[in-house]
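Architecture at a glance
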Amino acid sequence: MNCRPGDLAHIVAPYWDLEMRGLPVQVVDTHRGGPVRAKNGCISHDRGRDCWLVDGHDDRLPMVIADHCLRPIRDPGADAVDEMVLRKPVPLPVIQPELIPERVPA
């Protein structure tokens, strides 16, 4: 699972509501089943496995969100590799013309 209770996380794709993507939330606990009523009165529930009860400062929260739709925001540690750096193109080496011997006709 991506998250742990107490984590700060943000909602990511494939979450269906585009307006909710990127919203910061606090992971409260694993969802034990049953409906959850948000501050605005809407009811959310997810019958799938690996779901979290999340809360935050939005009126659509608290709600139930699947673990694969959350990415934790935490210190990854000293040995972590930034995923965005891995996606950057690798620069090509620069060839210095003065170091290339001139071609000799055969």
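Reading the values: the criteria
Residues numbered from 1 in each chain as written. Predicted model: local features only at pLDDT ≥ 70, side-chain atom pairs only at ≥ 80, totals over all residues. Heavy atoms only, no water. Pairing = 2+ DSSP bridges. Helix = DSSP H or I, 4+ residues; strand = E, 2+ residues; numbered from the N terminus. Axes fitted to C-alpha atoms, helices over the stretch in contact; angles between N-to-C directions.

**Examining the sheet that holds strand S1 (residues 8-11)**
Taken in spatial order, the 5 strands of this open sheet run S6-S5-S2-S1-S7, and their pairing is antiparallel. Every other strand in the sheet has two partners, leaving strand S6 (63-66) and strand S7 (70-73) as the edge strands with one partner each. Shown here is a sheet whose adjacent strand axes are inclined to one another by a mean of 50°, direction ignored. Here S1 runs beside S7; their pairing, made up of 4 bridges, is antiparallel. In the strand pairing of S7, Ala9 is matched with Pro72.

**Remarks on the pairing of strand S5 (residues 51-55)**
Where strand S2 (residues 24-30) lies against S5, 4 bridges are found, and the strand directions are antiparallel. Within the sheet, the bridge partner assigned to Val27 lies in S5 and is Val54. Summarising the sheet, S5 and S6 pair through 4 bridges and their orientation is antiparallel. Bridge assignment links Leu53 to a residue of S6, and that residue is Val64.

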